[in-house]
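# Overview (structure and organization)
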Amino acid sequence: THTHILQVFYFCGREGGICERTQIDFCEFIEDLRKAGLTRVHFVTHSMGARILFAAFERLTPQLATLEEQAQGTTGKTIASTITILNADYPRDWFVERDLPLASKYCDRITVTVDTGDQALVVSCTYEHQGSLR
């Protein structure tokens, strides 16, 4: 049925977004931006993009200036100016317990927005059987 097809696509997309290759590619992309002279990055994610960002974040941290390093002014690393998470398809508990504390060491402007009318998030919560950031 139509519902089963959506489930297959959902889980394939979710797993592809958090696989090791995607994490490596994301980190290489951020490093390429720094090498091109773009030292300040605004991370903006939507839906499953939060999964990609947070799956890669720990691997990304050696490239990012901590808030302490930013205060000192000479880092040579990428500065995470803002992190904006829009209608994240992401488990609330993971974010609160693991990812927010880590991201807060590198960025002091983290914004989460949700739209309670986002039906994709309702479906995600149903399939995941856990609360999302909505």
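Our subject is the structure listed above.
In this report, the structure presented in the accompanying data block is examined.

### Points about the sheet that holds strand S1 (residues 40-46)
Taken in spatial order, the 3 strands of this open sheet run S1-S2-S3, and their pairing is parallel. The open sheet terminates on both sides in strands that have one partner only, identified here as S1 and strand S3 (110-113). This sheet shows a mean twist of 10° between the axes of neighbouring strands, independent of strand direction. In the sheet, strand S2 (residues 79-86) pairs with S3 via 4 bridges, with the strands oriented parallel. Considered in S3, the bridge of Ile-83 is made with Ile-110. Each of S1 and S2 touches helix H3 (residues 49-60); the most contacted strand, S1, lies at about 140° to it.

### Description of the nonpolar core
Formed by 21 residues in total, the largest nonpolar core has its most connected members in Phe-43, Phe-57, Leu-60 and Ile-83. Among the elements of the structure, helix H2 (20-35), S1, H3, S2 and helix H5 (92-103) are those that each provide at least two residues to this core. Ranked by residue count, the leading element in this core is H3, at 6 residues. Setting aside chain neighbours within four positions, we find Phe-57 in contact with Leu-64, Ile-83, Leu-102, Ala-103 and Tyr-106.

### Remarks on the pattern of salt bridges
Counting across every chain of the model gives 8 salt bridges. Arg-21 is the salt-bridge partner of Asp-25, the closest N and O atoms lying 2.6 Å from each other. Taken together, the residues span about one helical turn, with Asp-25 and Arg-21 both in helix H2 at a distance of 4 residues. Taking the relative accessible area as the measure of exposure, Asp-25 reaches 38% and is therefore partly exposed. Between Glu-69 and Lys-77 there is a salt bridge, with its nearest N and O atoms 3.3 Å apart. Judged by its relative accessible area of 24%, Glu-69 falls in the partly exposed class. Judged by its relative accessible area of 26%, Lys-77 falls in the partly exposed class.

The rules behind these values
In this convention, every chain numbers its residues from 1, walking through the sequence in written order. Local features are withheld for residues below a pLDDT of 70 in this predicted model, meaning they are given only at 70 or higher, and side-chain atom pairs are given and counted only at 80 or more; totals for whole chains, interfaces and linings count all residues. Each side-chain value is derived from all of the structure's non-hydrogen atoms; neither hydrogens nor water enter the calculation. Strand pairing is assigned whenever DSSP identifies at least 2 bridges connecting the two strands. Elements are defined by DSSP. Helices are runs of H or I of four residues or more, strands are runs of E of two residues or more, and each kind is numbered from the N terminus. Axis definition: a line fitted to C-alpha atoms, limited for helices to the stretch in contact. Angles are taken between N-to-C directions and run from 0 to 180 degrees. Contacts are residue-level and defined by heavy atoms, with any inter-residue pair within 4.5 Å sufficient. Nonpolar core, defined: a set of buried Ala, Val, Leu, Ile, Met, Phe, Trp, Tyr and Cys residues in which side-chain atoms within 4.5 Å join the residues together. The classification of residues rests on relative accessible area computed with a 1.4 Å probe and restricted to protein chains. Under 20% of the type maximum is buried, over 50% is exposed, and intermediate values are partly exposed. A pairing counts as a salt bridge when a side-chain nitrogen of Lys or Arg comes within 4 Å of a carboxyl oxygen of Asp or Glu.

All we've got here are geometric facts, nothing functional implied.
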